[in-house]
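These are the residues of each chain, in order.
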Amino acid sequence: MKFFIDTANLDQIREANALGILDGVTTNPSLMAKEGIKGNEAVLQHYRNICEIVEGDISAEVLGTDFNTIIEEGKVLAALHPNIVVKVPMIKDGVKAIKWFTDNGIKTNCTLIFSAGQAILAAKAGATYVSPFIGRIDDSGWDGMQLISQISSIYAVQGFKSQILAASIRNANHIIDCAEAGAHVITSPLDPILGLLKHPLTDIGLAKFLEDAKKM
């Protein structure tokens, strides 16, 4: 399973990359705004900066919602770096745009997936990644992990090549559950990724080893 970090914070991207387990980055307009990145040129430069840090797929999101605007924005983003993946919303014109990008050799990430039906459409259009938002599904009273399992089963039966990119990760257990449910990729803030390191028995064991080492 690939690990992506979901942030626009360059320091957090560097920290995750230094672990040696980072495969890519996802971000969005909200995360850009959180880091104070404003204006189209500043956003494009920020994507370039991320691409200089991480050797892997970097999802860059379009803002348009009609076919022509999505295509024009996507072409600009894809031209920034070979590792850019154009992030497109799950809407009718978005599906049409994903098919166009696929036919023209541009990788895509279909975002805001909340149902198996949407995941099927994205895969049919040739999306490189599909992004079910499991945390937001849980917030609405449904089971986000069940959706990951359902999509995984459908893709296996149908032979779809799109990769399931589990998004809206809230904690370390989400990452473990996604691995078990068949997600190809998770994208997470830094804290849940670092949370995988933690176990109280590890801390106790290390403390005991260090204490015993002093007696040697």
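Above this text sits the structure in question.
All values reported here derive from a predicted model rather than from experimental measurement.

Participant: Can you explain the overall build of the protein? Please cite residues and give values.
Facilitator: Of regular secondary structure, the protein possesses eleven helices and eight strands. When its C-alpha atoms are laid out on the principal axes, the protein stretches across 70 × 40 × 30 Å. Residues classed as buried in the protein amount to 47% of the 216 residues present. The contacts of the protein with a sequence gap of at least 6 include a subset with a gap of at least 24, amounting to 56%.

Participant: Residues and numbers for the packing of helix 8 (residues 144-158) against helix 9 (residues 172-181), please.
Facilitator: Relative to each other, helix 8 and helix 9 sit at 25 degrees, their axes nearing to 9 Å. In terms of their interaxial angle, helix 8 and helix 9 are classed as roughly parallel. Where helix 8 crosses over helix 9, the two elements pack in a sense that is right-handed. Across the interface between the two elements, M145, I148, S149 and S152 of helix 8 pack against H174, D177, C178 and A181 of helix 9. Here the contact of helix 8 with helix 9 is built from residues that sort into four nonpolar, three polar and one charged.

Participant: Account for a nonpolar patch on the surface, naming residues and giving values.
Facilitator: Together, L19, I21 and L197 line one region of the surface with nonpolar side chains, adding up to about 270 Å² of accessible area. Mapped onto the secondary structure, L19 falls in the loop between helix 1 (10-18) and strand 2 (24-26). With a relative accessible area of 41%, L19 lands in the partly exposed category.

Rules and cut-offs
- Along each chain, residues carry numbers from 1 onward, in the same order as the chain's sequence is written.
- Residue-level local features of this predicted model are given only where pLDDT is at least 70; pairs of side-chain atoms are given and counted only at 80 or more, and the full residue set underlies all totals for whole chains, interfaces and linings.
- Neither water nor hydrogens contribute to the side-chain values; these are computed over all heavy atoms in the structure.
- Runs of E in the DSSP output that reach at least two residues are strands. Runs of H or I that reach at least four are helices, and both are numbered from the N terminus.
- Three exposure classes are used, based on accessible area relative to the maximum for each residue type with a 1.4 Å probe and protein chains only: buried under 20%, partly exposed in between, and exposed over 50%.
- Here, two residues are considered to be in contact whenever any of their heavy atoms come within 4.5 Å of each other.
- Each axis is a line fitted through C-alpha atoms, and for a helix only the stretch in contact is used; angles between axes span 0 to 180 degrees, taken between their N-to-C directions.
- By definition in this entry, angles of less than 35 degrees are roughly parallel, angles greater than 145 are roughly antiparallel, angles of 65 to 115 are roughly perpendicular, and the rest are oblique.
- Crossing handedness: left-handed means the near helix sits turned counterclockwise from the far one by under a right angle, and right-handed means the same turn made clockwise.
- Lys, Arg, Asp and Glu make up the charged group, whereas Ala, Val, Leu, Ile, Met, Phe, Trp, Tyr, Cys and Pro make up the nonpolar group; the residues left over, Gly among them, are polar.
- Patch members must show over 30% relative accessible area and no salt bridge, and they are joined within 9 Å when carrying like charges or within 5 Å when they are nonpolar side chains of Val, Leu, Ile, Met, Phe, Trp or Tyr.
- In short, Shrake-Rupley with a 1.4 Å probe defines the accessible areas, and a residue's cover is counted only from the protein chains shown.
- Note on definitions: salt bridges are taken to be side-chain nitrogens of Lys or Arg within 4 Å of carboxyl oxygens of Asp or Glu.

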